[in-house]
Amino acid sequence: MLQPTQPADLAIDLRQLVITIAHTVDLVGVDDVLHGRRVGMLARELAIFMGWPEAEQQLLYDAGLLHDCGVSSTRVHHRLVVDLEWSGAEEHCVAGQDLLADFAPLAHLAPIIRYHHSRWEWLAQQTQLGDTARFANLIYLADRVDVLAAPYHADQTVLSHADEIRSRLAAERGCLFSPALVEAFEKFSEGEAFWLALQPDWVQQYQREMETHGKLEVINWAQFKQCAEIFARIIDAKSPYTQRHSRGVSRLARHLAERLGLDTVTCEKIEVAGLLHDIGKLQIPDEIIEGPNALTPHEFDIMKSHSYGTLQVLKRLPAIEEIAQWAAFHHETPDGHGYPFHIGGKALPLEARIINVADVFQALAQERPYRKPMQPAEIMAVLQERADLGRADPGIVALVAADLANCHRVALCMD
Ligand SMILES: [Fe+2]
Ligand SMILES: [Fe+2]
Ligand SMILES: [Fe+2]
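What counts and how
- Residues numbered from 1 in each chain as written.
- Chains lettered and ligands numbered in written order.
- Predicted model: local features only at pLDDT ≥ 70, side-chain atom pairs only at ≥ 80, totals over all residues.
- Heavy atoms only, no water.
- Helix = DSSP H or I, 4+ residues; strand = E, 2+ residues; numbered from the N terminus.
- Rg over C-alpha atoms; globule rule 2.2 N^0.38 Å.
- Buried < 20%, exposed > 50% of the residue type's maximum accessible area, 1.4 Å probe, protein only.
- Contact = heavy atoms within 4.5 Å.
- Areas by Shrake-Rupley, 256 points an atom, 1.4 Å probe, with all protein chains shown as cover.
- Donors = N, O, S within 2.8 Å, 3.2 Å for Na, K, Ca; no water.
- Tetrahedral: all angles 85-135°; square planar, octahedral: opposite > 155°, others 65-115°.
- Polar contact = N/O pair within 3.5 Å; in protein donor to acceptor, adjacent residues only side chain to side chain.
- Salt bridge = Lys/Arg side-chain N within 4 Å of Asp/Glu carboxyl O.

(A) Representation of the overall build of the protein within the structure. A count of helices and strands for the protein gives 23 helices and two strands. Its C-alpha atoms give the protein a radius of gyration of 23 Å, within 12% of the compact-globule value 22 Å for 415 residues. Taken over the C-alpha atoms alone, the protein extends approximately 70 × 55 × 35 Å along its principal axes. For the protein, the proportion of its 415 residues judged to be buried stands at 56%. In the protein, the share of contacts with a sequence separation of at least 24, taken over all contacts with a separation of at least 6, comes to 73%. Surface accessibility of the protein: about 17,500 Å² in total, with carbon and sulfur atoms responsible for 53%.

Listed below in structure tokens is the structure:
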């Protein structure tokens, strides 16, 4: 009998997929990880208030959730939340559009994301954009409401700042925002409820309610893999040092899985797990990733949270439970002294061990702020030491040793 060459199609709820990407992107907020979800909620609620049709309300929720998918760096995120208008904002709009434009299930959101920092006075003249102008401007307003209100959630003082936020945005009538939109916002935000809804508990509650609006779609494996590539591009865009890291880990992991003789379906899944393994890194401040010295013990504790974050984000997609585990176990080691679950021995799947070796290899082959890229022989010495100490699977390390030049080429995506 012929072996299948691809995993079966996945039944994935598209709304859950959008929320999973939003959750991933929101991690970039570091200690305020609900920005996209608040913007989605605000955009949808304003659309309802203005009497826009149900289909547009749903569209704006999804667009709000994903509007910042072009932001991976915590520094860029910070810049976007300190000023009402920032001249560097354009770049993340283009990056966001590029990420979604080729992914059929979400491509309709790309034009809205492209213009979500464009001034209304310009947008209004772009007649070729049609409804996109109206949608993008609503996301812009929702985004700016959230940026101005966010500093006041922790100490619950948002109500005492509501008037000041309302007048700042009203002053942009006809400039940043369409007059009709500002008018609706002014009316809607008179009520305390508008502002109280932004509290974290209620935003999460709202998200849970919206999850039931989702519809289950069958996504074929090729499409899901394309979506995993989007995740990888978001993760790798975090820092110049991590560029192509996820892709390199994914390719090397697949290469090793093939050499181990694993079946094609498993190889495909390992490849995807490699693309997703570092989702949680988006929540690690850029300063820790790009620091010039080795990590302090405290920084290392923060770093250890990243693979846990990967699992928490991917849990939303039950169809890929196994892949999520292989990804999240990439810092677990055979001796059980890895992190964060301390899973070792027989409980640590072979697939996770492969990703672990591929991850160490790829990271050593890349430059880091505190060292040059390591050469293949140096990488091999580190891997061998790890295998001797029980921190890497000796069989997989032996495989790398026998195929070192190829592994190096694959890890650096040099073909
Ligand atoms: Fe934003
Ligand atoms: Fe990692
Ligand atoms: Fe990694």
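(B) Representation of the coordination of the iron ion (ligand 2). Note on the iron ion (ligand 2): its protein donors are D278 (OD), H306 (NE2), H330 (NE2) and H331 (NE2). The metal-donor distances range over 2.1 to 2.4 Å. Taken together, the four donor atoms coordinating the iron ion (ligand 2) span angles of 80 to 165° at the metal, a pattern that classifies the geometry as irregular. The sequence motif formed by the donor residues of the iron ion (ligand 2) is D-x27-H-x23-H-H. Residue H330 is classed as buried on the basis of its relative accessible area of 0%. Its relative accessible area of 18% is what places H331 among the buried residues.

(C) Representation of the side chain of S178 within the structure. As for its placement among the helices and strands, S178 is situated in the loop between helix 9 (158–170) and helix 10 (179–188). Those residues in contact with S178 that lie beyond four places of it in its chain are W120 and N137.

(D) Quick peek at the environment of E332. Among the secondary structure elements, E332 is positioned in the loop between helix 19 (321–328) and helix 20 (350–365). Using a relative accessible area of 1% as the deciding quantity, one classes E332 as buried. The spacing of E332 and P376 is 44 residues in sequence and 23 Å in space, taken between C-alpha atoms. Setting aside residues no more than four positions away along its own chain, E332 makes contact with G338, Y339, P340, F341, H342, I343, L348 and N356. Engagement of the side chain of E332 in a polar contact is seen with the backbone nitrogen of F341, the distance being 2.7 Å. Within the local environment of E332, its side chain forms a polar contact with the backbone nitrogen of H342, the two atoms lying 2.9 Å apart.

(E) Highlighting the coordination of the iron ion (ligand 1). The iron ion (ligand 1) binds to the protein through H35 (NE2), H67 (NE2), D68 (OD) and D143 (OD); the donor distances cover 2.2 to 2.3 Å. Around the iron ion (ligand 1), the four donor atoms sit at angles spanning 76 to 169°, and that spread fits a shape best called irregular. Sequence spacing of the donors to the iron ion (ligand 1): H-x31-H-D-x74-D. Taken together, the residues H35 in helix 2 (residues 35–49) and H67 in the loop between helix 3 (54–66) and helix 4 (74–82) connect sequence positions 32 residues apart.

(F) Structural view of unusual backbone geometry. The linkage connecting Y339 with the following residue, P340, adopts the cis geometry, with an omega of 0°. Within the fold, P340 resides in the loop between helix 19 and helix 20. Phi is positive for R244, close to 65°, though the residue is something other than glycine. Of note, R244 is situated in the loop between helix 13 (221–236) and helix 14 (245–259). Look at R244 and you get partly exposed, because its relative accessible area is 41%. Even without a glycine there, the phi angle at C413 is positive, about 50°. Topologically, C413 is positioned in the segment after helix 23 (404–411).

(G) Broad picture of the environment of I21. When you line up the elements, I21 lands in helix 1 (residues 14–26). Considering only alpha carbons, one finds I21 and H161, 140 residues apart in sequence, at a separation of 31 Å. Sequence-distant contacts of I21, defined by excluding residues within four places in its chain, comprise L66, L106, C227, F231 and I234.

(H) Summary view of the pattern of salt bridges. The full count for this structure, using the stated rule, is 29 salt bridges. Here E258 and R254 are joined by a salt bridge, their closest N and O atoms 2.8 Å apart. Note that E258 and R254 are positioned in helix 14 at a spacing of four residues, about one turn of the helix. We classify E258 as partly exposed; its relative accessible area is 44%. The exposure class assigned to R254 is buried, which follows from its relative accessible area of 14%. Between D278 and K281 there is a salt bridge whose closest N-O contact spans 3.3 Å. Put simply, R75, K238, D286, E287 and E290 are held in one network by salt bridges that share partners.

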